[in-house]
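Overview (structure and organization)
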Amino acid sequence: MTTTTEAAPPEVIPLPPTKPRRKLTAYWLLLPGIAWLVVFFAVPMVYQGSTSLQTGSLEQGFRLTWHFATYWDALAEYKWHFVRSFSYAAIATALCLAVGYPLAYTIAFKANRRWRNVILILVIAPFFTSFLIRTLAWKTILSDGGPVVSALNTLHVLGITDAIGLTSGHRVLATPLAVVCGLTYNFLPFMILPLYTSLERIDPRLHEAAGDLYARPFTTFRKVTFPISLPGVVAGTLLTFIPASGDYINAQLLGSPSEQMVGNGIQKQFLNVLDYPTAAALSFILMALILGMVTVYMRKAGTEELV
Amino acid sequence: MTEQLRDAATAGGDVRLTGIGKTYGDFTAVHPLDLTVPQGSFFALLGASGCGKTTTLRMIAGLEEPSCGTVLIGGQDVTALPPYKRPVNTVFQSYALFPHLDIFENVAFGLRRRGRKDVKKQVEEMLDLVELGPLARRKPHQLSGGQQQRVAVARALINHPQVLLLDEPLGALDLKLRRQMQLELKRIQTEVGITFVHVTHDQEEAMTMADTIAVMNGGRVEQLGAPADLYENPATTFVANFLGQSNLIPAEVTGRSGEDLLLSASGVRLSVPRARCATEATRIHLGVRPEKITIAHASETVAEGRNKLSGTVVDSSFIGVSTQYVVRSEGGGEIAVFEQNMERDTRITPGAPVVLHWNPAHSFGLDASQAIDAGTGEEAA
């Protein structure tokens, strides 16, 4: 303290630079993420974008000719693939919500602490085996002589589903039903987890308060629980719908050629036909359509305030 | 049936609990108790946390199913009714406002569920009553704690319940706001005339607001009465210590003189009116409130007929309106004394010999079989 006059300035001077430095720190922390995005997202996007506008063949080489007609041709050829992709994905998402919501609700409000963890682990457990293996297993489950088909036959359900086009010829495998079942099964955890997270945060006293204010249990659900859980519903449906629309494994393994989705088209063009421009154009169309649908959906759900 | 109807009409919003109790497995939260809350009164359930006061309140609300006994509201047995069918509303601890609804819709919730007409007018009137009109379109998280508290009261009161239940409604507020809201709630209660049942652990809050207080401890009602009555005539050491502060001096009954019991506390002769002694036992705790004691320097003479104890000042703290002394008495016990700051004797400082004296009629006798430190918050649990 004898050198007060000397000691004071160094204490004052370092203070102002801390703010910019702190800002810089934030950018440094973002750097790995940005680098990742540039290398694995932006660069491939540009590359694919350019591919989609090229013409040529594998033998002669592809050249960028700004050939936009590829998009129209691809859309014309694969329009039913798109329709199937989005309708199967939409049905699977709805089924996931129907199955996932009660389960998430039970985990969040009805299960005690120990069971809660057990059930959550069971929800995640399928991830311990590969997506492919699990889907192949469904092939066995839904096979013609399998338990599902014989049970549905006994109950005469297959007659009805045959009539409405979900199944055909009294079998489940290689029908739209099988594909939708596979999609529902494979993407269910992506629905349950966000739903659980949003339900689990709800104060149980809100249920008591609603009951105290003359709401019956169902009204409490409709007016309090469900609206508060909407961010989870939106997150869950997006996490289910988006990957399901681009999926091709389920259609390939559980469906027949007439259940093919856009993903199968892209796969075929890329790996079998080796028509890279068409494959790239299909990918871009799929992305644009999903983006458009998600934007409309987010607007409609109007959950900006809640998230 | 006609008798029941007449009962219901005359009883209005009184709450009668008969033999009501709650057990969770081996643990008894509330021992079977009888309690009557008269129509239009402001009733407080007071006790430390875990004493069963909230469980009792929740049984009245229907949020907790009693293990035994019945709940009657306005003469009607509501024991088997779910919460949404009971004529009561609750102000929850930390309010439980609906986060996705604005203030207006929060307050309108009960009216809408019952399909009431002119919701808008009623809600606006209610919001004016709690002075929140301009904030009607805000969301709860945009409001301060005190404002949220008023929304919670408005949301319950708008339904004109026969009984309003308040579960530690002021617990989350800071001291100053709490004082203000205490007076506010009391004003609202007087205005609307609805029966209020208020759960609190704050004895000052209970005494400020309630007409009647039930002091609960370990799942039982220790004592029930008007605040002043409980304060002046505590029936147990728990009540004596929990409600305000008491000096409890172990003493032995040595005889009687007229209407007084003669006592000996470590050899010092004291007395207490027989009527103010809650027990027939020969070993008692003689209680006296710190503000009833006069402190004087040992050289002063004390008038005859007063209880006297000599001692030494251990500590003194000046807190503005009064000075609080801790005095070690001859017998060894520590006695707290609150002295109004009127004519301060400058000789009374730590270490000074003093004599404490008080009117025997200001003391009370309690059975010595009870723990002397029950309700102080320091007792061995």
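Residues numbered from 1 in each chain as written. Chains lettered and ligands numbered in written order. Predicted model: local features only at pLDDT ≥ 70, side-chain atom pairs only at ≥ 80, totals over all residues.

1. Side note on the overall build of chain A
Quick reminder of the rule: Per the convention used, a helix needs a DSSP run of H or I reaching at least four residues, while a strand needs a run of E reaching at least two, with both numbered from the N terminus. The reference for a compact globule is 2.2 Å times residues^0.38; the radius of gyration itself is calculated from the C-alpha atoms. For every residue, the other C-beta atoms within 10 Å of its own C-beta are counted; 20 or more classify it as buried, 12 or fewer as exposed, and values in between as partly exposed. C-beta atoms are placed from the backbone. Here contacts are defined at the residue level, using C-beta atoms placed from the backbone and a cut-off of 7 Å between them.
Helix and strand content of chain A: 13 helices and two strands. For 307 residues, the compact-globule estimate of 2.2 N^0.38 gives 19 Å, and the C-alpha radius of gyration of chain A, at 26 Å, exceeds that figure by more than 25%. In terms of its C-alpha atoms, chain A occupies a principal-axis envelope of roughly 95 × 70 × 35 Å. For chain A, with 307 residues in total, the buried portion stands at 33%. Within chain A, residue pairs in contact and separated by at least 24 positions form 70% of the contacts whose partners lie at least 6 positions apart.

2. A few points about the overall build of chain B
Helix and strand content of chain B: nine helices and 20 strands. For the C-alpha atoms alone, the extent of chain B along its principal axes is close to 75 × 50 × 40 Å. In chain B, once contacts between residues fewer than 6 apart in sequence are set aside, the share between residues at least 24 apart is 65%.

3. Quick word on the sheet that holds strand E16 (residues 307–318) of chain B
All names here are of chain B. Rule in force here: Two strands are said to pair when DSSP picks up at least two bridges between them. Only the contacting stretch of a helix is used when fitting its axis, a line to C-alpha atoms as for every element, and angles between N-to-C directions run 0 to 180 degrees.
Spatially, E15-E19-E16-E17-E18 is the arrangement adopted by the five strands of the open sheet, whose pairing is antiparallel. In this open sheet, the two strands that pair with only one neighbour each are strand E15 (294–297) and strand E18 (334–340). On average, each strand axis in the sheet is inclined to that of its neighbour by 45°, with strand direction left out of account. Sheet topology note: the E15/strand E19 (residues 353–358) ladder contains four bridges and is antiparallel. Across the sheet, the residue bridging to Thr294 is His357, located in E19.

4. Considerations on the interface of chain B and chain A
The partner chain A presents 16 residues to the 16 residues of chain B that form the contact. Counting residues per element, the ones that place at least two in the side of chain B that touches chain A are strand E6 (88–91) and helix H3 (103–113) of chain B. Sorting elements by how many residues they give to the side of chain B that touches chain A places H3(B) first, with three residues.

5. A closer look at the nonpolar core
Here is the rule we go by: Remark: nonpolar core denotes a set of buried Ala, Val, Leu, Ile, Met, Phe, Trp, Tyr and Cys residues whose joining runs through C-beta atoms within 7 Å. Where each domain begins and ends follows an automated or database-derived domain assignment.
Counting residues in hydrophobic clusters, the biggest one holds 103 residues, and the most contacted among them are Val107(B), Ala154(B) and Val197(B). Each of domain 1 (2–87 + 161–232) and domain 2 (245–367) of chain B gives at least three residues to this core. Residues Tyr88(A), Leu195(A), Tyr196(A) and Ile266(A) belong to the second largest nonpolar core, which totals 47 residues.

6. Considering the sheet that holds strand E11 (residues 247–257) of chain B
Pairing between the strands of a sheet comes from backbone hydrogen bonds, and it takes one of two forms, parallel or antiparallel. All names here are of chain B. Ordered by their spatial adjacency, five strands build an open sheet running E13-E12-E11-E14-E20, and the pairing between neighbours is antiparallel. The open sheet has two edge strands with one neighbour each: strand E13 (268–273) and strand E20 (363–367). Averaged over all adjacent pairs, the angle separating strand axes in this sheet is 45°, with direction ignored. Sheet topology note: the strand E12 (residues 260–265)/E13 ladder contains six bridges and is antiparallel. Across the sheet, residue Leu263 finds its bridge partner in E13, namely Leu270.

7. Digging into the packing of helix H5 (residues 131–141) of chain A against helix H8 (residues 176–200) of chain A
Each packed pair of helices is defined by two parameters, the angle between the axes and the distance between the axes. Residues and elements named next belong to chain A. Basically, it comes down to this: Angles below 35 degrees are treated as roughly parallel, those above 145 as roughly antiparallel, those between 65 and 115 as roughly perpendicular, and all remaining angles as oblique. Two helices that cross are described as forming a left-handed crossing if the nearer one is turned anticlockwise from the farther one by less than a right angle, and a right-handed crossing if clockwise.
Packing of H5 against H8 leaves a shortest axis separation of 11 Å and a crossing angle of 140°. Taken together, the axis directions place H5 and H8 in an arrangement best described as oblique. Handedness of the crossing formed by H5 with H8: right-handed. Facing H5, whose interface residues are Phe131, Arg134, Thr135 and Trp138, H8 presents Cys181, Gly182, Tyr185 and Asn186.

8. A word on the environment of Leu271(A)
Here Leu271(A) shows up in helix H12 (residues 262–273). Note: C-alpha distance between Leu271(A) and Val233(A) (38 residues apart in sequence) is 36 Å.

9. Quick notes on the domain arrangement of chain B
A common measure of how large an interface is: the accessible area buried when the components associate. You can read the domains of chain B as domain 1 (2–87 + 161–232) and domain 2 (245–367). A straight line from the C-alpha centre of domain 1 of chain B to that of domain 2 of chain B covers 36 Å.

10. A closer look at helix H13 (residues 276–301) of chain A
What counts is decided by this rule: Helix span, expected: 1.5 Å multiplied by one less than the number of residues in the helix.
Along its 26 residues, H13(A) runs 37 Å from first to last C-alpha, staying within 8% of the 38 Å computed at 1.5 Å per residue. Residues of H13(A) that are buried include every one of Pro277(A), Thr278(A), Ala279(A), Ala280(A), Ala281(A), Leu282(A), Ser283(A), Ile285(A) and Leu286(A), and no others.

11. Considering the confidence of the model for chain A
Here is the rule we go by: Residue-level confidence of the predictor is what pLDDT reports, using numbers from 0 through 100.
Predicted confidence across chain A gives a mean pLDDT of 88, with 91% of residues reaching 70 or more. Per-residue pLDDT stays below 50 along residues 1–13 of chain A; that stretch engages in zero contacts with residues further than four places along the chain or on separate chains.

12. Remarks on unusual backbone geometry
Residues and elements named next belong to chain A. One non-glycine residue with positive phi stands out, namely His156, at about 60°. With respect to the secondary-structure elements, His156 resides in the loop between helix H6 (147–154) and helix H7 (157–163). At Tyr214, a residue that is not glycine, the phi angle is positive and equals roughly 75°. Relative to the helices and strands, Tyr214 is located in the loop between helix H9 (204–212) and helix H10 (217–246). Under the C-beta neighbour-count criterion, Tyr214 is labelled buried, with 20 such atoms within 10 Å.

13. Focus: the packing of helix H3 (residues 69–110) of chain A against H13(A)
Residue and element names in this part refer to chain A. Contact geometry for H3 and H13: axes closest at 9 Å, N-to-C directions at 65°. Crossing hand, H3 versus H13: right-handed. Packed against H3, whose contacting residues are Thr70, Tyr71, Ala74, Leu75, Tyr78 and Phe82, the element H13 presents Pro277, Thr278, Ala281, Leu282, Ile285 and Leu289 at the interface.

14. A short note on the confidence of the model for chain B
Residue and element names in this part refer to chain B. Per-residue confidence for chain B gives a mean pLDDT of 87, with 96% of residues at or over 70. Across residues 1–11, confidence stays below pLDDT 50; counting only partners more than four residues off in sequence or on other chains, it has eight contacts. Across the whole predicted complex the pTM is 0.79, and at the interface the ipTM reaches 0.79.

15. Comments concerning the pairing of E11(B)
Regular strands place side chains that alternate from one sheet face to the opposite one. All names here are of chain B. Sheet analysis places E11 next to strand E14 (residues 283–288), joined by six bridges and oriented antiparallel. Along E14, the bridge assignment pairs Ile249 with Leu286. As judged from the five bridges shared by E11 and E12, these two strands associate in the antiparallel manner. Bridged to Val253 within E12 is Leu263. Where E11 folds back onto E12 in an antiparallel hairpin, the turn is made up of two residues, including Gly258, whose phi is positive at roughly 60°.

16. Focus: the pairing of strand E1 (residues 54–57) of chain A
Residues and elements named next belong to chain A. The pairing of E1 with strand E2 (residues 61–64) spans four bridges and is antiparallel. Residue pairing in the sheet places Gly56 in a bridge with Phe62 of E2. Between E1 and E2, which pair antiparallel and follow one another directly, the connecting turn spans three residues.

17. Some thoughts on the environment of Trp72(A)
Turning to its location among the elements, Trp72(A) is positioned in helix H3. It is 54 Å that separates the C-alpha atoms of Trp72(A) and Ala215(A), two residues lying 143 residues apart in sequence.

18. Description of the environment of His31(B)
All names here are of chain B. Checked against the element boundaries, His31 lands in strand E2 (residues 27–37). In the structure, His31 is positioned 10 residues away from Gly21 in sequence and 5.0 Å away in space, judged by C-alpha atoms. With residues up to four places along the chain from it excluded, the contact list for His31 reads Gly21, Gly219 and Arg220.

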